[in-house]
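The primary structure of each chain is shown beneath.
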Amino acid sequence: MHLEKLTLYNFKNYEDASLELSPEVNCFFGLNGSGKTNLLDAVYYLSLTKSASPASDTQNIRQDESQFFVKGAFIEKKNRTEIICSFVRGSKKVMSEDGNEYKKMAEHIGKYPLVLIAPNDIELIWDGSEQRRKFFDGLLSQMNHQYLENLITYTQILRQRNGLLRLFSERGMVDQDLLDSYDDRLVPAAKYIHETRKSFLKEYHPLFEKWYRQLAGKDAREKVSITYRSDLEELSFAELLKKNLQRDIVLQRTSSGIHRDDFMFSLNTGELKKFGSQGQQKSFLIGLKLAEFQVLAQAKKKKPLLLLDDIFDKLDDVRIVKLMALVSDGNFGQIFITDARSARSREILTEAGVKAKIFEVQNGSVKHIR
Ligand SMILES: Nc1ncnc2c1ncn2[C@@H]1O[C@H](COP(=O)(O)OP(=O)(O)OP(=O)(O)O)[C@@H](O)[C@H]1O
Ligand SMILES: [Mg+2]
């Protein structure tokens, strides 16, 4: 599977841009702020229906305009499918496949898998558990549609349940039947998510360790690991909800559940955040993403698009050479690479023998140069 053509209209700093892509390696070179990451974000929209950045859909409309659209043609086994994502300020975002609008965005997710390695991945290590849950949720949602459905259900019902707890707290009374009707839907969704996260990590962990080893080299002695922590390990969710009800009413929110799960990142016996060197942290992140690529490729029976945003900035020479060797071995499918320093990237690619289509990005315009 690859993206053959990409068109952007009033998207971020692009007014109108259209490009034909290579099914293999595509490089985007340009100065800081020229629009390299924005291009990758447009590809991210086509695959995952949203931005990889924290910017809202509205913020992604080009300044002073009222709508954006991103269009892409995916080629898969010689079939061509056109995906359009369009958003008009103040209305609902629309995604379509060959002209057929999706009723729910979730229906699209997972059809055109994608893995992004970007500078702000470091938040996975430095920030709280929410970022890590988001990463694993994103991955599992692409792999498994039922997981995504359960996650949507859980998030919706949890919000409603918290509203109910606020009401109970204000009124000083509890409507147990009403609460039960919410919990009856919340509990099975939580159980599914919990069990899927747990069993997934068993499959994912060895792949992650393998990639980490490959990047860090044979001589690296450190042991890296990911441990799943959940309230649901001690008691069933139904029991937890019952046990914590009085406290939850005081707090006006549900204080236990899979929305508090964490995936703990460790180096040897300590926390990666505290004990990992910068290089170890970077390798950990790339290990996470390459393992993501591998599980997605296996689950979908197609290679995800691989977007490498500013990756050369994050790695030392040894690791760059190793990563490029993997790239040139044909382990991956279509790749998008961005770099602000084109001379460095060209050198790296030439040395690794990687043939790439090169684009120059300049202030919201993109031009194929080689
Ligand atoms: N809605 C918008 N309208 C107009 N311009 C926007 C909008 N959103 C973002 N931009 C502009 O896009 C530019 C950033 O683009 P981008 O992040 O793609 O740069 P980059 O080439 O990846 O730079 P770097 O090398 O620093 O990573 C900024 O100048 C920003 O002001
Ligand atoms: Mg950038």
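Residues numbered from 1 in each chain as written. Chains lettered and ligands numbered in written order. Predicted model: local features only at pLDDT ≥ 70, side-chain atom pairs only at ≥ 80, totals over all residues.

1. A look at the sheet that holds strand E1 (residues 2-11)
With antiparallel pairing, the 6 strands of this open sheet are ordered in space as E2-E1-E4-E5-E6-E7. In the strand order of this sheet, the two ends are held by strand E2 (14-20) and strand E7 (100-101), each with one partner. Strand direction decides the pairing type here: E1 and strand E4 (residues 67-76), joined by 7 bridges, are antiparallel. Paired with Lys5 across the strands is Ala73, a residue of E4. Packed onto the sheet, helix H1 (residues 36-48) meets E1, E2, E4 and strand E5 (79-88) and runs at close to 110 degrees relative to E1. (Pairing = 2+ DSSP bridges. Helix = DSSP H or I, 4+ residues; strand = E, 2+ residues; numbered from the N terminus. Contact = placed C-beta atoms within 7 Å. Axes fitted to C-alpha atoms, helices over the stretch in contact; angles between N-to-C directions.)

2. Considering the pairing of strand E13 (residues 335-339)
Taking burial as the measure, the 5 residues of E13 include 5 buried ones, the bulk of the element. Side chains Ile335, Ile337 and Asp339 project from E13 onto one buried face, and the interleaved Phe336 and Thr338 project onto a second face that is buried too. In terms of strand pairing, strand E3 (residues 25-29) meets E13 through 5 bridges, oriented parallel. Across the sheet, the residue bridging to Phe29 is Asp339, located in E13. Pairing analysis gives 4 bridges linking strand E12 (residues 305-309) to E13, with the strands arranged parallel. Looking at E13, one finds that Leu307 is bridged to Phe336. (Buried ≥ 20, exposed ≤ 12 C-beta atoms within 10 Å, placed from the backbone.)

3. Some thoughts on the sheet that holds E13
Spatial strand order, E8-E12-E13-E3-E14-E15: 6 strands in an open sheet with mixed pairing. Single-partner strands in this sheet number two, and they are strand E8 (114-117) and strand E15 (365-368). In this sheet, neighbouring strand axes are inclined to one another by 20 degrees on average, regardless of whether the strands run parallel or antiparallel. When strand E14 (residues 356-362) meets E15, the two strands line up antiparallel, connected through 4 bridges. Within E15, the position partnered with Glu360 by the bridge is Lys367. Strands E3, E13 and E14 of the sheet are contacted by helix H12 (residues 342-352), whose axis makes an angle of about 140 degrees with E13.

4. Observations concerning the site of ligand 1
Near ligand 1, the surroundings consist of 18 residues, among which Asn13, Asn32, Lys36, Thr37 and Asn38 are the closest. When residues of the shell around ligand 1 are assigned to their parent elements, the largest contribution, 3 residues, is made by H1. Tallied by class, the residues present in the shell around ligand 1 amount to 3 nonpolar, 11 polar and 4 charged. (Near = placed C-beta within 6 Å. Nonpolar A, V, L, I, M, F, W, Y, C, P; charged D, E, K, R; others polar.)

5. Thoughts on helix H5 (residues 176-216)
Approximately 35 degrees is the largest bend angle found in H5, and it occurs at Tyr204, with the proline Pro206 only one to four residues beyond. Every buried residue of H5 is listed here: Asp183, Leu186, Ala189, Ala190, Ile193, His194, Arg197, Phe208, Trp211, Tyr212, Leu215 and Ala216. For H5, the elements touching its buried residues are helix H3 (129-143), helix H4 (145-171), strand E9 (224-229), helix H6 (237-243), helix H9 (278-300) and helix H11 (317-328). Once H5 finishes, Gly217 follows within two positions and takes phi at roughly 95 degrees, a positive value. (Bend = angle between axes of the 7 residues up to and from the residue.)

6. Digging into the environment of Glu233
With respect to the helices and strands, Glu233 occurs in the loop between E9 and H6. On the basis of neighbour count, Glu233 is assigned to the exposed category, with 10 C-beta atoms found within 10 Å. In the structure, Glu233 is positioned 66 residues away from Leu167 in sequence and 30 Å away in space, judged by C-alpha atoms.

7. What to know about the pairing of strand E10 (residues 262-267)
The side chains of a regular strand alternate between both faces of the sheet. Examined bridge by bridge, E9 and E10 share 6 bridges and lie antiparallel to one another. Each bridged residue has a counterpart across the sheet, and for Val224 the counterpart in E10 is Leu267. Sheet topology places E10 next to strand E11 (residues 270-271); 2 bridges connect them, and they run antiparallel. Bridging across to E11, Ser266 finds its partner in Glu271.

8. A short note on the domain arrangement of the protein chain
Split by domain assignment, the protein chain resolves into domain 1 (1-113 + 302-370) and domain 2 (127-299). Using C-alpha coordinates to define each centre, domain 1 is positioned 28 Å away from domain 2. If you look at the interface, domain 1 gives 14 residues, while domain 2 gives 15 residues. Among the residues forming the side of domain 1 that touches domain 2, the class breakdown is 7 nonpolar, 1 polar and 6 charged. (Domains from an automatic or database assignment.)

9. A short note on the nonpolar core
Counting residues in hydrophobic clusters, the biggest one holds 85 residues, and the most contacted among them are Ala42, Val43, Leu116 and Leu307. Tallying contributions element by element places H5 first for this core, with 9 residues. The residues that make up this core include at least three from each of domain 1 (1-113 + 302-370) and domain 2 (127-299). Ignoring sequence-local partners within four residues, the contact set of Leu116 consists of Leu40, Tyr44, Ala52, Leu307 and Asp309. (Core = buried A, V, L, I, M, F, W, Y, C linked by C-beta atoms within 7 Å.)

10. A look at unusual backbone geometry
Phi is positive for Lys12, which is not a glycine, with a value near 50 degrees. Inspection of the secondary structure puts Lys12 in the loop between E1 and E2. Here Lys12 falls in the buried class, since 22 other C-beta atoms lie within 10 Å of it. A positive phi angle is found at Asn268, which is not glycine, with a value near 50 degrees. You can see Asn268 is positioned in the loop between E10 and E11.

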